[in-house]
Amino acid sequence: MNDLSMTGQLSTHAADAAIDARGMVKRFGDLKAVDGIDLVVPRGMIFAILGPNGAGKTTLMRMLATLARPDAGTATVMGHDLLSAPHAVRASIAMTGQFASLDEDLTGRENLIMLARLWGFRGRAAKARADDLLAAFDLSDASAKQVKAYSGGMRRRLDIAASLIVTPGVLFLDEPTTGLDPKARKDVWRMIRGLADSGVTILLTTQYLEEADQLAARIAVIDHGKKIAEGTSRELKAATGSGFLHVSLADAAKLDDAAAILERKLGQTAQRSTEGAELSVLGGTAQTANEALAELIAAGIELSDFSMGQPSLDEVFFALTGQPASDGNKEVAA
């Protein structure tokens, strides 16, 4: 566990909460995938859950969506008890997983009409609901195409539209933009913001730190099944510390040498950027940071840039969990 962890809890009355979970536990054999997590999500909020692979994010979400029974703990979702009223919980929620669950041989419109009928809409009403959702998600022009001809971003929008045949109180989004290009990801972000503006509470898991930064009003970080931090993006960054030293090297071959010097001088683990010869490390005071920079220069390590300032959310994640966020791998304990 990291000294920078914090467990600030949002003060929200249960009656005002879309989700009020206390002491949630889930075991798989000897593994505690979720270990006593409390979570309070106010109505109408976008709330993000972050954590390394296998941290328990998806397991927690599956319990709250009644897809997995907790081994301990209590929770209410939209005022309904998770264990004593699971049918009422299911009637008030929708969930979209990491991969689209659509019939690829049907058109987009046919998929939505079929699902609307399963929800009890009759002929014209089912078609009208499908057309409304296609228009809302900017898919009307593609409504007559088979889903297998859709791009990744179009499939994702259709998949989320399919979960909104009946407008839910809470929408669970598990890795909603996995595999999408930057433009498609931003289209989905815009759609998610629109849903929250209409009053839908959204609980999302994501491996994209920028996604949580852009969307979530509040963020919980979990690791090894425990909640280790919670707050707004600004609060998490402030708790991690403002004295982050960022250095860019002129020669990427000297990255290991530079990291060793910074870690020895500052007593903190240096985080390596995935985009180039860049290092970030909690630098403490301006004086200690300047001394570290001087030692780099004395060792013949040329810097192309350096700065001191507030950490990014990626650096917060690294400081709390001891490892970088991963965009490509999926959680094991789901």
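This is a predicted model, so every value here is computed, not measured.

### Here we look at the sheet that holds strand β12 (residues 271–272)
Here is step 1 of the chain: Pairing is antiparallel in the open sheet, where four strands are placed in the order β12-β13-β11-β14. Because the sheet does not close on itself, it has two edges, and the strands there are β12 and β14 (303–309).
Here is step 2 of the chain: Inspection of the sheet shows β12 paired to strand β13 (residues 278–282) by two bridges, in the antiparallel sense. Paired with R272 across the two strands is L279, which belongs to β13.
Here is step 3 of the chain: This element, helix α9 (residues 255–266), spans β11 (244–249), β12 and β13 of the sheet and lies at about 10° to β13.

### Focus: the nonpolar core
Here is step 1 of the chain: Within the largest apolar cluster, 50 residues are counted, with the highest numbers of intra-cluster contacts made by I160, L171, I202 and I219.
Here is step 2 of the chain: Among the elements that make up this core, the one with the highest residue count is helix α6 (residues 182–197) (seven residues).
Here is step 3 of the chain: Setting aside chain neighbours within four positions, we find I160 in contact with T96, F137, L171, L173, V188, M191 and L195.
Here is step 4 of the chain: Core analysis: the next-biggest nonpolar cluster, separate from the first, contains 29 residues, I19, V89, F172 and A220 among them.

### Concerning the layout of surface pockets
Here is step 1 of the chain: Here the second largest pocket is characterised by a volume of approximately 420 Å³.
Here is step 2 of the chain: Of all the secondary-structure elements, those providing two or more residues to the lining of the second largest pocket are α2 (86–91), β6 (93–96) and α5 (152–162).
Here is step 3 of the chain: For the lining of the second largest pocket, the leading source of residues is β6, giving four residues.
Here is step 4 of the chain: Of the residues contributing to the lining of the second largest pocket, the split by class is 14 nonpolar, four polar and two charged.

### Remarks on the confidence of the model for the chain
Here is step 1 of the chain: Of the residues in the chain, 89% reach a pLDDT of 70 or more, and the chain-wide mean stands at 85.
Here is step 2 of the chain: Predicted confidence in the chain is weakest over helix α11 (residues 313–321), with a mean pLDDT of 76, and strongest over strand β4 (residues 72–77), with 97.
Here is step 3 of the chain: This model gives residues 1–12 a pLDDT under 50, and the stretch forms 35 contacts once residues within four places in sequence are excluded.
Here is step 4 of the chain: This model gives residues 327–334 a pLDDT under 50, and the stretch forms 22 contacts once residues within four places in sequence are excluded.

### With respect to the pairing of β4
Here is step 1 of the chain: As judged from the five bridges shared by strand β1 (residues 17–28) and β4, these two strands associate in the antiparallel manner. The partner of D20 across the bridge, within β4, is T76.
Here is step 2 of the chain: Of the strand pairs in this sheet, β4 and strand β5 (residues 80–81) are connected by two bridges, and their pairing is antiparallel. Along β5, the bridge assignment pairs T76 with D81.
Here is step 3 of the chain: A loop of two residues connects β4 with β5, the two strands running antiparallel in sequence, and M78 in this loop sits at a positive phi of about 50°.

About the thresholds
Residues numbered from 1 in each chain as written. Predicted model: local features only at pLDDT ≥ 70, side-chain atom pairs only at ≥ 80, totals over all residues. Heavy atoms only, no water. Pairing = 2+ DSSP bridges. Helix = DSSP H or I, 4+ residues; strand = E, 2+ residues; numbered from the N terminus. Contact = heavy atoms within 4.5 Å. Axes fitted to C-alpha atoms, helices over the stretch in contact; angles between N-to-C directions. Core = buried A, V, L, I, M, F, W, Y, C linked by side-chain atoms within 4.5 Å. Buried < 20%, exposed > 50% of the residue type's maximum accessible area, 1.4 Å probe, protein only. 1 Å grid on protein atoms, 1.4 Å probe; cavity = no way out; pocket = protein on both sides within 12 Å on 5 of 7 lines; lining within 4 Å. Points joined across faces, edges and corners; volume = space filled by probe spheres on them. Nonpolar A, V, L, I, M, F, W, Y, C, P; charged D, E, K, R; others polar. pLDDT = per-residue confidence, 0-100.

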